[in-house]
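Here are the chains, one letter per residue:
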Amino acid sequence: MTPADLSRTVLHAVRRAVDEDALRAPVPARVRVERTRPGGSGDYACAVALQLAGPAALPALEVARILRERVAAEPGVGRVEITGPGFLSFTLDAPAEGDRAVLDAVREQGLAYGHGDALRDEVLQLHHAREVRAAVTAHAVRRLVISQGARARISCEEAPDPDWARLGVTVDTHGTPPVPHTGIRPVPAAATAGELLERLGPDAALWGLLRPAGHDRAALGPELLVQGETNPLFRVRYAHARTRALTRGAALLGFTAEPAPYGGSHAEPAPHAEDHAEGQAPYDRAARPLLDLIADHPGVLLAGARHRAPDRVARQLEAVAHAFFDFHDSCPSLPAGDEKPSAAHRSRLALAEAAGTVLAGGLSLLGIRAPEHL
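Counting starts from 1 at the beginning of each chain's written sequence and moves along it residue by residue. Since the coordinates come from a predicted model, pLDDT governs what is reported: local features require at least 70, and pairs of side-chain atoms require 80 or more to be given and counted, while whole-chain, interface and lining totals use all residues. Side-chain calculation: all heavy atoms of the structure are included, whereas hydrogens and water are not.

1. Examining the sheet that holds strand β7 (residues 173–174)
On the basis of which strands lie adjacent, the open sheet formed by four strands has the order β7-β6-β5-β8 and parallel pairing. Of all the strands in the sheet, the pair left with one neighbour each is β7 and β8 (182–184). Strands are treated as partners if at least two bridges between them are detected by DSSP. Only DSSP runs of H or I reaching four residues or more are called helices, and only runs of E reaching two or more are called strands; each is numbered from the N terminus. Taken together, the two bridges between strand β6 (residues 151–156) and β7 define a ladder with parallel strand orientation. Across the sheet, serine 155 pairs through a bridge with threonine 173, a residue of β7. Residue contacts are counted whenever heavy atoms from the two residues lie within 4.5 Å of one another. Lines are fitted to the C-alpha atoms to define the axes, a helix being fitted only along its stretch in contact, and any angle between axes, read from their N-to-C directions, falls within 0 to 180 degrees. Each of β5 (123–128), β6 and β8 is contacted by helix α5 (residues 132–147), which is oriented at about 170° to β5, the strand it contacts most.

2. Details of unusual backbone geometry
Phi at aspartate 21 takes a positive value of approximately 65°, unusual for a residue other than glycine. Relative to the elements of secondary structure, aspartate 21 occurs in the loop between α1 (3–19) and β1 (34–35). Positive phi, normally seen in glycine, also occurs at arginine 308, with a value near 55°. In this structure, arginine 308 sits in the loop between α8 (288–306) and α9 (310–330).

3. Looking at the packing of aromatic side chains
Aromatic pairing here means that ring centres of Phe, Tyr or Trp (its six-membered ring) are within 6.5 Å. Orientation follows from the plane angle: under 30 degrees is stacked, over 60 is edge-to-face, and everything else is tilted. Counted under the stated rule, the structure contains three aromatic pairs. Between the aromatic rings of phenylalanine 234 and tyrosine 238, the centroid separation amounts to 5.7 Å while the plane-to-plane angle is 5°, which identifies the pairing as stacked. One end of the pair, phenylalanine 234, and the other, tyrosine 238, are both in helix α7 (residues 232–253), four residues apart, so they sit about a helical turn from each other. A connected cluster of aromatic rings, assembled from ring pairs, spans Phe234, Tyr238, Phe324 and Phe325.

4. A few points about the pattern of salt bridges
Here, a salt bridge means any side-chain nitrogen of Lys or Arg that lies within 4 Å of a carboxyl oxygen of Asp or Glu. The full count for this structure, using the stated rule, is 24 salt bridges. One connected set of salt bridges, linked through shared partners, spans Arg35, Asp99, Arg288, Asp292 and Asp296.

5. Describing the environment of alanine 250
Its location among the elements puts alanine 250 in helix α7. Taking the C-alpha atoms as reference points, alanine 250 and serine 333, separated by 83 residues in sequence, lie 8.4 Å from one another. Discounting residues that sit within four places of it in the chain, alanine 250 has contacts with Phe255, Leu334 and Leu349.

6. As for the nonpolar core
Nonpolar side chains tend toward joint burial in soluble globular proteins. Counting 77 residues, the largest nonpolar core has Val132, Leu167, Trp207, Leu290 and Ile294 as its most contacted members. Beyond its immediate chain neighbours, meaning those up to four positions away, tryptophan 207 contacts Pro212, Leu224, Pro232, Leu233, Val236, Ala314, Glu318, Leu363, Leu366 and Ile368. Nine residue types can take part in a nonpolar core, namely buried Ala, Val, Leu, Ile, Met, Phe, Trp, Tyr and Cys, and a core is a set of them joined through side-chain atoms within 4.5 Å. Relative accessibility decides the category of a residue: with a 1.4 Å probe and only protein chains considered, values under 20% of the type maximum give buried, values over 50% give exposed, and everything between is partly exposed. Val14, Val33, Leu52 and Leu67 belong to the second-largest nonpolar core, a separate cluster that totals 26 residues.

7. Details of the sheet that holds β1
Spatially, four strands are ordered β1-β2-β4-β3 in an open sheet, and the strand pairing comes out antiparallel. If you trace the sheet from one side to the other, it starts and ends with β1 and β3 (77–83), each paired once. Pairing between strand β2 (residues 44–46) and strand β4 (residues 87–92): three bridges, direction antiparallel. From the neighbouring strand, tyrosine 44 faces β4, where its bridge partner is phenylalanine 90. Docked against the sheet, helix α3 (residues 60–71) engages β3 and β4, running at close to 175° with respect to β3.

8. Quick look at α5
For α5, spanning 16 residues, the distance from its first C-alpha to its last is 23 Å, which sits close to the expected 22 Å at 1.5 Å a residue. The element α5 is extensively covered by neighbouring structure, given that 14 of its 16 residues are classed as buried. The definition of a polar contact used here is a pair of N or O atoms within 3.5 Å, where within protein one atom must be able to donate a hydrogen and the other to accept one, and adjacent residues in sequence count solely through side-chain atom pairs. Where α5 begins, the side chain of glutamate 131 points an oxygen toward the backbone nitrogen of arginine 133, at a separation of 3.0 Å. Two residues or fewer after α5 comes glycine 149, characterised by a positive phi angle close to 95°. Expected span of a helix: the number of residues minus one, times 1.5 Å.

9. Focus on the confidence of the model for the protein chain
Per-residue confidence for the protein chain gives a mean pLDDT of 89; residues scoring 70 or more make up 91%. The predictor rates its confidence in each residue with pLDDT, a number between 0 and 100. Counting interchain partners and residues more than four positions distant, the pLDDT-below-50 stretch residues 262–282 has 26 contacts.

Have a look at this one:
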């Protein structure tokens, strides 16, 4: 069960409680669930009971009790607890089936994983000043909103800088802004496109312009070219290159990726499923942060599109790269020495390949290349 699935499950429980007259309150348009903070209880938490307490004229703890019994009966939810003044904390069942579904979706959709049609009814006119950071941000926002089904055009206050084209930036028109329009106004960069291209090249320049939130200044120094883990761009691209190297290494050893089999007595066994020890989780505990980040990726892209914030995508890629290296260091995807490839290696390789696909897809939305060799 992904966070989006859990959000829908909680919303369904609210709707059931209202339909059954156990709760008299307006059903919210959506319910937000968040990962439990360190030291908290369960996998996810939600404050919907506190949100509904006022309209329902009930204590938040009573609303939480009404919702707990309805959510706890849903498939995929292992335990629901009430904490604090009325927070609901959820512990999910063994996630094998949901994990397999996520990895299958990444494999099937490729670089388009996370794209959708939530914004299909939106037609946007993005407008910006004749300034490199504004131009780059507007172009990245256009890619993001198009990935979510919207249509978008870009206009600039003046004729565009010819050097923008070398950053992959295009402008549809310039001059007086159309009405209505969405202004793209990040803190301006302290350099022109030509200067940035000469010092940094296109990829590092784009990352430096897009990684900070729009209200923060863009750091555009030589640190963007450092070939080491202190440079987030290098770390993201190196993680992608490492996943591709694992695929090449597996091919030399004669095996390919295979996500762990679905759970449940009615599931059809996957090839080599017998290699998993009885009762063993299909993925190591160290895989959980990476699996969760991959499952969250569609929501991050949608949020980035809605808030016109490509920096959210950059931060997501950093988190995926960090989780990949943690996973890779503790759970090798390739056998060592005379060890034969097992189902564990095949499933770990499937997860590594999914991480690489997410990294490449996210970088492409920012206009940045994802080399297979670094």
